[in-house]
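# Examination of the molecular architecture
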Amino acid sequence: MRARLALLLEGLGIAVLFASFLASGGKYVLAGAALALIAGAGLLGALRARRERANFWLWYASLLVYAFLYIPLVIVVIFSFNDSKLNAEWVGFTTGWYGRLFADEAMLQAALNSVLIACAAAAIATVLGTMAGIAMHRFRPRILPFLVFTPVAMPEILLGVSLLIFFLNAAQPLLGAVGIEFGLGLATVVIAHVTFCIGFVAIIVRARLAGMDESVFEAARDLGASPWQTFRLVTLPLILPGVVAGALMAFTMSIDDFVITFFASGVGTRTLPLQIYTMIKVAVTPEVNAISALLMALTLGLIVLASKLAPDLMRAGAE
Amino acid sequence: MAPRSQRTLKWLVGGPPFLFLVVFFLLPALIMVVASFRYPGEFGGLAPLLPARPGEESGLTAESYTVFFGDRVYAEIFAKSFGVAALTTLVCLVMAYPVALLIARSPKRHRDLMVLLVVLPFASNFLVRVYAWMIILGPFDLLFSRFAVIVGMVYVNLPFMILPLYTNLEKHDPALLDAAQDLGAGAWQRFWRVTFPLSLPGMFSGAALVFIPVLGMFAIPEILGGKDDWIVGNMIKESFLGTRDWPFGSMLSLMLTVAVLAVAGATSWLAGRSLRRA
């Protein structure tokens, strides 16, 4: 029982810590009280019966970590409704920052670009990623997995700068020589996004195939189905949830990407993350909070949808 | 099916993604290797390989490498980057362990939700997560410091430590702990002598997932840190978009690649070794 009380105390401490921030950009008195509560919870836990102590500390620490994960985001969302130009003190409720967002031409253009790029990148990456996933499952190639997974595993900046050099120093002069004008823009961003999105789709599709009974495909072949028929009538319907989850994942990754877009986009093409980056660097207003909150809601919905479609997705992602 | 048509099928299915990635991943990487040996262009970028005008610098050179190895500044920035990455990894590990352990020991029906709660903050944009700490640390005068950089790095990378650790811990056989208890081991002993050593492979794969991306980050030091906190990622970004010395930037990117490969190799070797021991 005392463990419950201690955890309650800890939760209260976290809540006060949170409130201290909203009260006025981190009131030290309140923050101190919060830390006292959290420490008190620890003390109470330390006095507990020996047998359950390990379990208590596990809960105690985990609660703090979960709070660490969520409080910053909650603060961003709350201040998006704050009637003040500063993210420092709660003044009053307003939806004005959202209104300004929808009146901001540059922001709307960036949003449109983001959606266009994400749709195109997700569509291409889903087709190529599904093919890669099937090929890796069925034929166990040696080089393909390396090509598919390295862009996901390496620091994004490396992919970004190598594509920048490639687009401007190889693709542009080569295509220019045959009379095609080519520069950084929507197309280059889409290509760059496809490069790392293929991996996400392929992982999910392969995981889905791995969990399947091979005899289904053999049966189809024995019954005289051509490879194409087997794919269209057997394989595709079976892996479809994985394919859709992969497409949603690719869409999310694309619309969220900052680093690779930053290098592949050139000056003219702005996406939402690039717009946020500029705003953070130039002038921080709650308009950033508002666009952040909207983007959060969008990607949140997509991730939940994807995980509903493919529950093994999280696991596949973790491994 | 005849092996020949089997091969055709293989290329029909695997060929398109293979070709796409060769052109847009492998080829750019190789071009970058060559670029690191070229001269910087007059107005930034790269100088031509073949001289277009007499007197113009062209062809190949190892100058970027000479500069890099000739000045201690660069080695120091690499060392600092490794320090930041190591500290981030360590903090992530300390924070991730209790959460991963708690999830692994919770009833099965709660686990998926608890994992989802770890992943959900990822639904927010990377920059939003960094921006959140700008708002929080600002009033406490903690912004633009090494501390803020580490907080940001930990915040952005924490789930990458929790997930592999959890996947590992979940597979442990509870019978092992029961056996240890029957043999008289206390809670601490059970943890340090059974759970902890068995979780080493999970820790190493988590460490790789955190350590590697940190090295290449530029936005977090730029937004949350001071000029002193620049790491390799910032130098690369600056070479490409600031000074526009592409050969130097390419060389730095290659150095980063080498560092990344070394870290990946080391962690997978350590994970393999701890797996055999356990």
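All values derive from a computational prediction rather than experimental measurement. (Residues numbered from 1 in each chain as written. Chains lettered and ligands numbered in written order. Predicted model: local features only at pLDDT ≥ 70, side-chain atom pairs only at ≥ 80, totals over all residues.)

### What to know about the overall build of chain A
Helix and strand counts for chain A stand at 14 helices and zero strands. Starting at the N terminus, the α and β elements of chain A follow one another as α-α-α-α-α-α-α-α-α-α-α-α-α-α. Computed over C-alpha atoms, the radius of gyration of chain A comes to 25 Å, more than 25% over the 20 Å expected from 2.2 N^0.38 for 319 residues, which places it beyond the range of a compact globule. Structurally, chain A occupies a C-alpha span of about 70 × 55 × 30 Å along its principal axes. Going through the 319 residues of chain A one by one, you find that 46% of them count as buried. (Helix = DSSP H or I, 4+ residues; strand = E, 2+ residues; numbered from the N terminus. Rg over C-alpha atoms; globule rule 2.2 N^0.38 Å. Buried ≥ 20, exposed ≤ 12 C-beta atoms within 10 Å, placed from the backbone.)

### Things to note about the overall build of chain B
Of the regular secondary structure elements, chain B holds eleven helices and zero strands. Ordered by position in the sequence, the α and β elements of chain B form the string α-α-α-α-α-α-α-α-α-α-α. In terms of overall size, chain B is more extended than a compact globule, its C-alpha atoms giving a radius of gyration of 24 Å where 278 residues would be expected to give roughly 19 Å. Buried positions account for 45% of the 278 residues belonging to chain B.

### Let's talk about helix 6 (residues 146–170) of chain B
Residues and elements named next belong to chain B. The end-to-end C-alpha distance of helix 6, which contains 25 residues, comes to 35 Å, matching closely the 36 Å that a straight helix rising 1.5 Å per residue would cover. Bending of helix 6 peaks at approximately 50° at the position of Asn157, with proline Pro159 no more than four residues after it. By the criterion of burial, helix 6 is predominantly enclosed, with 21 of the 25 residues buried. (Expected span 1.5 Å × (residues − 1). Bend = angle between axes of the 7 residues up to and from the residue.)

### Looking at the nonpolar core
Judged by nonpolar contacts, the single largest core of 163 residues is most densely connected at Cys197 and Ala250 of chain A together with Val130 of chain B. Composition of this core by domain shows at least three residues from each of domain 1 (2–79) and domain 2 (100–318) of chain A. Discounting residues that sit within four places of it in the chain, Ala250 of chain A has contacts with Ala121, Ala122, Ala125, Thr126, Cys197, Phe200 and Val201 of chain A. Among the nonpolar cores identified, the runner-up in size contains twelve residues, and Ile14, Val16, Ala34 and Ile38 of chain A belong to it. (Core = buried A, V, L, I, M, F, W, Y, C linked by C-beta atoms within 7 Å. Domains from an automatic or database assignment. Contact = placed C-beta atoms within 7 Å.)

### Thoughts on the confidence of the model for chain B
Any segment with low pLDDT has predicted coordinates that should not be analysed in fine detail. Of the residues in chain B, 96% have a pLDDT of 70 or more, and the chain-wide mean is 87. At the level of chain-chain contacts, confidence expressed as ipTM amounts to 0.89, with global pTM at 0.88. (pLDDT = per-residue confidence, 0-100.)

### Points about the packing of helix 5 (residues 105–139) of chain A against helix 12 (residues 272–282) of chain A
Residue and element names in this part refer to chain A. Across the interface, helix 5 lies against helix 12 with an axial gap of 8 Å and an inter-helix angle of 145°. Residue-level inspection shows Ala106, Met107, Ala110, Ala111 and Ser114 of helix 5 in contact with helix 12, the latter providing Leu272, Leu274 and Gln275. Taken together, the residues of the contact of helix 5 with helix 12 break down into six nonpolar, two polar and no charged. (Axes fitted to C-alpha atoms, helices over the stretch in contact; angles between N-to-C directions. Nonpolar A, V, L, I, M, F, W, Y, C, P; charged D, E, K, R; others polar.)

### Some points on the interface of chain B and chain A
Contacts between the two partners involve 71 residues from chain B, matched on the other side by 67 residues from chain A. Looking at the side of chain B that touches chain A element by element, the count peaks at 19 residues for helix 1 (residues 3–35) of chain B.

### Remarks on the domain arrangement of chain A
Residue and element names in this part refer to chain A. As far as domains go, chain A holds domain 1 (2–79) and domain 2 (100–318). A separation of 38 Å is found between the C-alpha centroids of domain 1 and domain 2. Between domain 1 and domain 2, the contact holds four residues from the first and five residues from the second. Grouping the constituent residues of the side of domain 1 that touches domain 2 by class yields four nonpolar, no polar and no charged.

### Quick notes on the environment of Cys197 of chain A
Residue and element names in this part refer to chain A. By secondary structure assignment, the location of Cys197 is in helix 8 (residues 186–210). Taking the number of C-beta atoms within 10 Å as the measure of exposure, Cys197 has 30 and is therefore buried. Sequence separation of Cys197 and Gly129 is 68 residues, and the distance between their C-alpha atoms is 7.7 Å. Aside from chain neighbours lying at most four places away, what touches Cys197 is Ala121, Ala122, Ala125, Gly129, Ala250, Met253 and Ser254.

### So, the packing of helix 7 (residues 156–177) of chain A against helix 10 (residues 232–242) of chain B
Orientation of helix 7 of chain A relative to helix 10 of chain B, taken along the N-to-C sense of each, is 15°, at an axis distance of 11 Å. On the basis of their axis angle, the class for helix 7 of chain A and helix 10 of chain B is roughly parallel. In this structure, helix 7 of chain A meets helix 10 of chain B at a crossing whose hand is left-handed. Every residue of helix 10 of chain B that contacts helix 7 of chain A at Ile157, Val161 and Leu164 of chain A is listed here: Gly233, Ile236, Lys237 and Phe240 of chain B. In terms of residue class, the contact of helix 7 of chain A with helix 10 of chain B is made up of five nonpolar, one polar and one charged. (Parallel < 35°, antiparallel > 145°, perpendicular 65-115°, else oblique. Left-handed = near helix turned anticlockwise from the far one by under 90°.)

### Details of unusual backbone geometry
Residues other than glycine seldom take positive phi values, yet Arg140 of chain A does so here, at roughly 45°. Even without being glycine, Arg244 of chain B reaches a positive phi, approximately 55°. The residue Arg244 of chain B is located in the loop between helix 10 and helix 11 (246–277) in this model.

### Re the environment of Asp245 of chain B
Residues and elements named next belong to chain B. When you line up the elements, Asp245 lands in the loop between helix 10 and helix 11. Spatially, the C-alpha atom of Asp245 lies 9.2 Å from that of Phe43, the residues being 202 residues apart in sequence. In this structure, Asp245 is in contact with Pro40 and Ser239, ignoring residues within four places of it in sequence.

### Digging into the environment of Leu90 of chain B
Relative to the assigned elements, Leu90 of chain B resides in helix 3 (residues 72–105). Residues Leu90 of chain B and Asn125 of chain B, 35 residues apart in the sequence, show an inter-C-alpha distance of 24 Å.

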